[in-house]
Amino acid sequence: MAKYSKAKKSYQLVTGGRLASVAELLNQPQWTVIFDATFQQNDSNGKVRSYVELPDICGAIEAAGLSTKDIYSADWVGTQQTLTRIKRQTIGALSLSEEKLDGDVTNEERCQAFADYLNKKGLEMLNWSRKANQLLARMRLLKSVTGELSEYSLSYEGLLSHLEAWAYPYWNSVKSLAQLQAWDPYEALAYWLNYDEKQRLDNACPEHWETPTQRKIFINYLDGTPRVEVKLQEMFGIKDSPRIIDGQQVVSVDLLSPAGRLLQRTNDLKSFWDNAYQDVRKEMRGRYPKHPWPEDPINAEATYKTKRQMQ
């Protein structure tokens, strides 16, 4: 059974909700029983080849041997996008009628409405802070390297399918679409993990790396490969690149000049010392003569001070 849509110039099928068009020369009754419709592969639009007209909805329901169903939901209504309780009478994938209901929207209905909105618009509609993106990237990295956190679906599609588990508990105070769009998912994602998992994440994928000068440097996980930015002189004495996740993951290093400008990005610090460093030294020692540029950086003392301050 199918219902005609003037806007789409096609029929929407009760089963599956797919669309099927009819040749212009044929009549276009509002309700039909379709006996033959063909669909091309990977195409939701098909062509009706054989159908029987039905005079009204009652006749359509009786002819098809189907029963109606009342569905209650909360939808965004009007220009103000007010969340309103709606009662719909449906047959399969078709909506026959809808009615606005009085009464407050329940927490369950509101969460479902938020979930429906995000499934249509995408998780990008949320206020993803740098902190939230960083946390998600750390979780994904630990899962990809070790297989830990395997029970968590961390892709955007997976997160959308598990909103009830991680997001719903934090939507109690979210009452509108504007508030949802301003909501930062960081806390919800952090507490999705249990205590032991959170401790493991903090140890395996720490947010900071400590230099030999005991300064804590932020580890950026957002580019796919964890990376730190540190002045070259603070890496003296370190032979190999930093590693995390029990030594399984290299941390890329952006080596900076004393002025904070990028000199070299490397994920193989030993190779940099053995090869590129001498060229960098020749260029930089004249530009920054107050800072140390030893010939043997592996055996030099790491520092963020000038040569005078080191004396």
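Our subject is the structure listed above.
Throughout this description, residue numbers start from 1 for each chain and increase along the sequence as written. With pLDDT at 70 or above as the cut-off, local features in this predicted model cover only qualifying residues; side-chain atom pairs require 80 or more to be listed or tallied, and sums for whole chains, interfaces and linings still use all residues. Computation of side-chain values covers all heavy atoms of the structure but excludes hydrogens and water.

### Brief notes about the overall build of the protein chain
Helix and strand labels come from DSSP, where a helix needs a run of H or I of at least four residues and a strand needs a run of E of at least two; each type is numbered from the N terminus. In terms of regular secondary structure, the protein chain is built from 10 helices and 15 strands. For each residue, the accessible area found with a 1.4 Å probe, counting protein chains only, is set against the maximum for its type, and the residue is called buried under 20%, exposed over 50%, and partly exposed in between. Counting every position in the protein chain, which comprises 311 residues, the buried fraction comes to 41%. Only heavy atoms enter the contact rule, under which two residues are in contact if any of them lie within 4.5 Å. Restricting to contacts in the protein chain with at least 6 residues of sequence separation, those with at least 24 account for 51%. Only the protein chains shown count as cover for residues, and all accessible areas are computed by the Shrake-Rupley method using a 1.4 Å probe. Here the protein chain has roughly 18,000 Å² of accessible surface; of this, 44% comes from carbon and sulfur atoms.

### Side note on the packing of aromatic side chains
Two aromatic rings from Phe, Tyr or Trp, using only the six-membered ring of Trp, form a pair when their centres are within 6.5 Å; if the ring planes differ by under 30 degrees the pair is stacked, by over 60 it is edge-to-face, and anything between is tilted. Counted under the stated rule, the structure contains 11 aromatic pairs. Centroid distance Phe114 to Trp171: 5.4 Å. Interplanar angle 85 degrees. Geometry classified as edge-to-face. Pair noted here: Phe114 is in helix H2 (residues 107-121) and Trp171 is in the loop between helix H5 (163-166) and helix H6 (177-181), with a separation of 57 residues, a long-range link. Side by side, Phe114 and Trp171 carry an identical accessibility label, which is buried. Ring centres of Phe272 and Trp273 lie 5.3 Å apart, and the angle between their planes is 55 degrees; this geometry places the pair in the tilted category. Trp273 matches Phe272 in its accessibility class, with the two residues each being buried. Three or more aromatic residues joined by ring pairs make a cluster, and in this case those are Phe114, Tyr152, Trp166, Tyr168, Trp171, Trp183 and Trp192.

### Considering the nonpolar core
Counting residues in hydrophobic clusters, the biggest one holds 66 residues, and the most contacted among them are Leu118, Leu163, Trp166, Trp171, Leu180, Leu232 and Met235. Looking at this core, the element that brings in the most residues is helix H3 (residues 130-146), giving seven residues. Those residues in contact with Leu180 that sit more than four places away from it in its chain are Phe114, Tyr117, Leu118, Leu126, Trp171 and Val174. Definition of nonpolar core: a set of buried residues of the types Ala, Val, Leu, Ile, Met, Phe, Trp, Tyr and Cys, connected through side-chain atoms within 4.5 Å.

### Structural notes on the pairing of strand E15 (residues 262-266)
Note: strand E14 (residues 252-256) against E15, four bridges, orientation antiparallel. Directly across from Leu256, in E15, lies its bridge partner Leu262. A strand pair is defined by DSSP finding two or more bridges across the two strands. Linking E14 to E15, which pair antiparallel, is a turn of five residues; within it Gly260 sits at a positive phi near 90 degrees.

### What to know about helix H9 (residues 269-287)
Compared with the 27 Å implied by 1.5 Å per residue over 19 residues, the 23 Å span of H9 between its first and last C-alpha is markedly short. The angle separating two fitted axes, one through the seven residues that finish at a residue and one through the seven that start at it, defines the bend at that residue. The sharpest bend along H9 comes to roughly 60 degrees, located at Ala276. Within H9, the full set of buried residues consists of Leu269, Phe272, Trp273, Tyr277, Val280, Arg281 and Met284. The inward-facing, buried residues of H9 abut E14 and E15. By this rule the span expected of a helix is its residue count minus one, scaled by 1.5 Å.

### What about the sheet that holds E15?
With mixed pairing, three strands are arranged side by side in an open sheet as E11-E14-E15. Edge positions in the sheet fall to strand E11 (227-231) and E15, since each has one partner strand and no second. Sheet twist, expressed as the average angle between the axes of neighbouring strands with direction ignored, equals 20 degrees. Both E11 and E14 contribute to a ladder of five bridges, which runs parallel. What sits directly across from Val228, in E14, is Val253. Axis definition: a line fitted to C-alpha atoms, over the contacting stretch in the case of helices. Angles run 0 to 180 degrees between N-to-C directions. Relative to E15, H9 is tilted by about 170 degrees, and along the sheet it contacts E14 and E15.

### Focus on the pattern of salt bridges
Salt bridges are counted wherever a side-chain nitrogen of Lys or Arg sits within 4 Å of a carboxyl oxygen of Asp or Glu. This structure, assessed with the given rule, holds 13 salt bridges. Between Arg138 and Asp202 there is a salt bridge, and its shortest N-O distance comes to 2.9 Å. Here Arg138 is found in helix H3, whereas its partner Asp202 is found in helix H8 (residues 195-204), with 64 residues between them in sequence. Classification of Arg138 as buried rests on a relative accessible area of 3%. For Asp202, a relative accessible area of 27% translates into the label partly exposed. One salt bridge in this structure joins Asp223 and Arg227, with 2.5 Å as the shortest N-O distance. Ionic contacts of the salt-bridge type, sharing partners, join the residues Asp223, Arg227, Glu229, Asp254 and Arg265 into one network.

### What to know about the layout of surface pockets
In this analysis a 1.4 Å probe is tested at points of a 1 Å grid over the protein atoms alone, and where it fits but cannot get out there is a cavity; an open set with protein on both sides within 12 Å along at least five of seven lines is a pocket; lining residues have an atom within 4 Å of a point. Grid points are joined across faces, edges and corners, and a volume is the space filled by probe spheres set on the points. A volume near 310 Å³ is recorded for the largest pocket. In this structure, the largest pocket is lined by Ile71, Ser73, Ala74, Asp75, Trp76, Gln81, Arg88, Ala113, Asp116, Tyr117, Lys120 and Lys121. Looking at the lining of the largest pocket, the elements with two or more residues in it are strand E6 (69-77) and H2. Residues of the lining of the largest pocket, tallied by class, amount to five nonpolar, two polar and five charged. For this scheme, ten residues count as nonpolar: Ala, Val, Leu, Ile, Met, Phe, Trp, Tyr, Cys and Pro. Four count as charged, namely Asp, Glu, Lys and Arg, and the remainder, Gly too, count as polar.

### Considerations on the packing of H3 against H8
Put simply, H3 and H8 touch, their axes get as near as 10 Å, and they point 85 degrees apart. By the angle between their directions, the pair H3 and H8 is classed as roughly perpendicular. Along the contact surface, H3 presents Leu135, Arg138, Met139, Leu142 and Thr146, while H8 presents Arg200, Leu201, Asp202 and Ala204. When its residues are assigned to classes, the contact of H3 with H8 shows five nonpolar, one polar and three charged. Roughly parallel refers to an angle under 35 degrees, roughly antiparallel to one over 145, roughly perpendicular to one between 65 and 115, and oblique to any angle outside these ranges.

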